[in-house]
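# Structural features, examined
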Amino acid sequence: MSESPFQLVLRQCLLPGGSTTVDIAIAGGDIVAIEEHLNQSGQQELPIQGRLTSPPLVESHVHLDSVLTVGQPRWNTSGTLFEGIDIWRDRKATLTYADVQARAMQALQLQAQQGVLWVRTHVDVSEPSLVALQALLDLRQSVRDWITLQVVAFPQDGIYGSPGNVNLLEEALKLGADAVGGIPHYEFTREDGVRSVETIFHLAQTYDRLIDIHCDEIDDDHSRFLEVVAACALRSGLGKRVTASHTTAFAGYNNAYAFKLMGLLERAQINFVANPLINITLQGRTDSYPKRRGITRVKELWQRGLNVSLGHDCIQDPWYSLGTGNMLTVAAMAIHGCHMTGQSEIDACYTMVTENGARTLNLGDQYGIAVGKPANLIVFDAKSPYDALRRTATVTHVISRGKLLVQTQPAQTSWLGLPSLDSSRMESSLIPVTEA
Ligand code: 17E
Ligand code: FE2
């Protein structure tokens, strides 16, 4: 018998939104067939048994240069963005190439084993050696066979915060950063903030790069750089290549202004990244009661058809002492913090950590489960996105570039002390639920 042309066949996969299962065949790193019942067997067979089989999770926003540094040299006691930046300034003075790569690699593995195969990282380039940038650009190359890293040159201390910073930002692009970042709300003056946005657009056009700006990450309802970013995106025609991250001040704008702004955002067609875990903890720190949640208007942006994706932002760093790299946790916080508890809203939050992330990262045709696309897919121990989100389900299989990269066994619980309980009902993590 001749060897099967299929390297791997996944049997009985349930795609997001699907009602019947399909078999998926993989060859040469690509998806080559999706059929209800594939007759031919593969060189390797994986029984999926009706579990959710999804395009990989996308991490739209994380700072890999600062991951796993919590407490170094001290903890953030005020819990504010600003104290975090001060602590990071001290920590980054001791950065080495090996230190950055080791921590970032650990985070990438955490992410990949939980189903993330695309990661956009910001890296601080307001530090003269650019050692973190070099470490992450090299890491981008060395991990490319199993995970895709996008690097944003992020001037943490402001483009105009000190005289050399604008040159460092440009140097970062020459060295190969994928996107230009910024932090207009942290510049000394409103005018410097506006000028920083103009500089970002100028650099993006000169070097043909994407844009992802930390924008209005503050509770100040007078921080209005989002309108500047949107106007520049509209006038330059860069639209979908532009992302506004955080935009937490938007949560505090008066509705009359927010309504006017929405119209501009619809015309500009930029992407949004909310970081719910971080936004809900860093923001609101100067409020008494009522206390703002500090997450941007995710629901309203989504209702207007604008592209919103979600990021973890931090894993144990000066801004956030927790974090696991799990994108379901991020989506769950969006569900809670943004009142996205309706059925279609929960599904939308799942889309925000998958498809919408792919749009933010400008991945184009390479993302998704379809014949002809690269075989990147993950399997959840769950039967729908809703089920996965509710139970923070385990990602049991991660298939990257056509190969099985990681396999994880879901936890198993056995009840021993109550013999009268029907344990067969308790065993399966796929407890049937009636979905309305
Ligand atoms: N830097 C910043 O300006 N904002 C953040 N949320 C983080 C770093 C994590
Ligand atoms: Fe950030």
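Here we summarise the structure given alongside this text.

Each value, and the rule that gives it
Residues numbered from 1 in each chain as written. Chains lettered and ligands numbered in written order. Predicted model: local features only at pLDDT ≥ 70, side-chain atom pairs only at ≥ 80, totals over all residues. Heavy atoms only, no water. Core = buried A, V, L, I, M, F, W, Y, C linked by side-chain atoms within 4.5 Å. Buried < 20%, exposed > 50% of the residue type's maximum accessible area, 1.4 Å probe, protein only. Contact = heavy atoms within 4.5 Å. Donors = N, O, S within 2.8 Å, 3.2 Å for Na, K, Ca; no water. Tetrahedral: all angles 85-135°; square planar, octahedral: opposite > 155°, others 65-115°. Helix = DSSP H or I, 4+ residues; strand = E, 2+ residues; numbered from the N terminus. Pairing = 2+ DSSP bridges. Phe/Tyr/Trp six-rings, centres within 6.5 Å; stacked < 30°, edge-to-face > 60°. Lys NZ or Arg CZ within 6 Å of the ring centre and 35° of its normal. Near = heavy atom within 4 Å. Polar contact = N/O pair within 3.5 Å; in protein donor to acceptor, adjacent residues only side chain to side chain. Areas by Shrake-Rupley, 256 points an atom, 1.4 Å probe, with all protein chains shown as cover.

## Examining the nonpolar core
A general trend in soluble globular proteins is that nonpolar side chains are found buried together. The biggest cluster of nonpolar side chains holds 120 residues, and the ones touching the most others in it are Leu64, Phe201, Leu265, Ile270 and Phe380. Not counting residues up to four positions away in its chain, the partners in contact with Ile270 are Leu226, Val229, Ala233, Gly239, Val242, Ala244, Leu265, Leu306 and Asn307. The next biggest cluster of nonpolar side chains, apart from the first, holds 14 residues, and it includes Leu8, Leu10, Ile369 and Leu377.

## A word on the coordination of the iron ion (ligand 2)
Looking at the iron ion (ligand 2), one finds its protein donor set to be His61 (NE2), His63 (NE2), His214 (NE2) and Asp313 (OD), positioned 2.2 to 2.4 Å from the metal centre. Each of the 4 donor atoms bound to the iron ion (ligand 2) contributes to angles spanning 84 to 173°, and the resulting shape is irregular. In the primary structure, the donors to the iron ion (ligand 2) are separated according to the pattern H-x1-H-x150-H-x98-D. Placement of His63 in the loop between strand S6 (57-62) and helix H1 (81-92) and of His214 in strand S10 (residues 210-215) is noted, with a sequence separation of 151 residues between them.

## Quick notes on the sheet that holds strand S5 (residues 53-54)
To summarise the sheet geometry, strands pair through backbone hydrogen bonds and adopt either a parallel or an antiparallel arrangement. The strand order across the open sheet built from 4 strands is S5-S14-S15-S16, with neighbouring strands paired in antiparallel fashion. Edge positions in the open sheet fall to S5 and strand S16 (403-407), since each of these has one partner strand only. Pairing of strand S15 (residues 395-400) with S16 involves 4 bridges; the strand directions are antiparallel. Bridging across to S16, Val398 finds its partner in Val406.

## Topic: the packing of aromatic side chains
Ring pairs (aromatic) are described by centroid distance and by the angle formed between their planes. All told, the structure shown has 6 aromatic pairs when counted by the stated rule. Centre to centre, the rings of Trp88 and Trp319 are 6.4 Å apart; their planes meet at 50°, and the pair counts as tilted. On the criterion of sequence distance, the pair formed by Trp88 in helix H1 and Trp319 in the loop between strand S13 (308-310) and helix H10 (327-337) is long-range, its members being 231 residues apart. By the burial criterion, Trp88 is buried, and Trp319 matches it. The interplanar angle of 40° and the centroid separation of 5.6 Å between the aromatic rings of Phe250 and Tyr253 together place this pair among those described as tilted. Exposure class is identical for Phe250 and Tyr253. Each is buried. Clustering of aromatic rings is evident, with ring pairs tying together Phe250, Tyr253 and Tyr257. The cationic tip of Arg190 hangs over the ring face of Phe225; the distance from NZ or CZ to the ring centre is 5.0 Å. The ring of Tyr160 is capped by Arg195, whose NZ or CZ atom sits 3.8 Å from the centre of that ring.

## Notes on the site of ligand 1
The environment of ligand 1 is formed by His63, Leu81, Phe154, Gln156, Ile183, His214, Glu217, His246, Asp313, Cys314 and Trp319. At 2.7 Å from a nitrogen atom of ligand 1 is found a side-chain nitrogen or oxygen belonging to Gln156. Asp313 places a side-chain nitrogen or oxygen 2.8 Å from a nitrogen atom of ligand 1. Within the complex, 100% of the 270 Å² of free accessible area of ligand 1 lies under protein.

Scope: geometric values only; no functional claims are made or implied.
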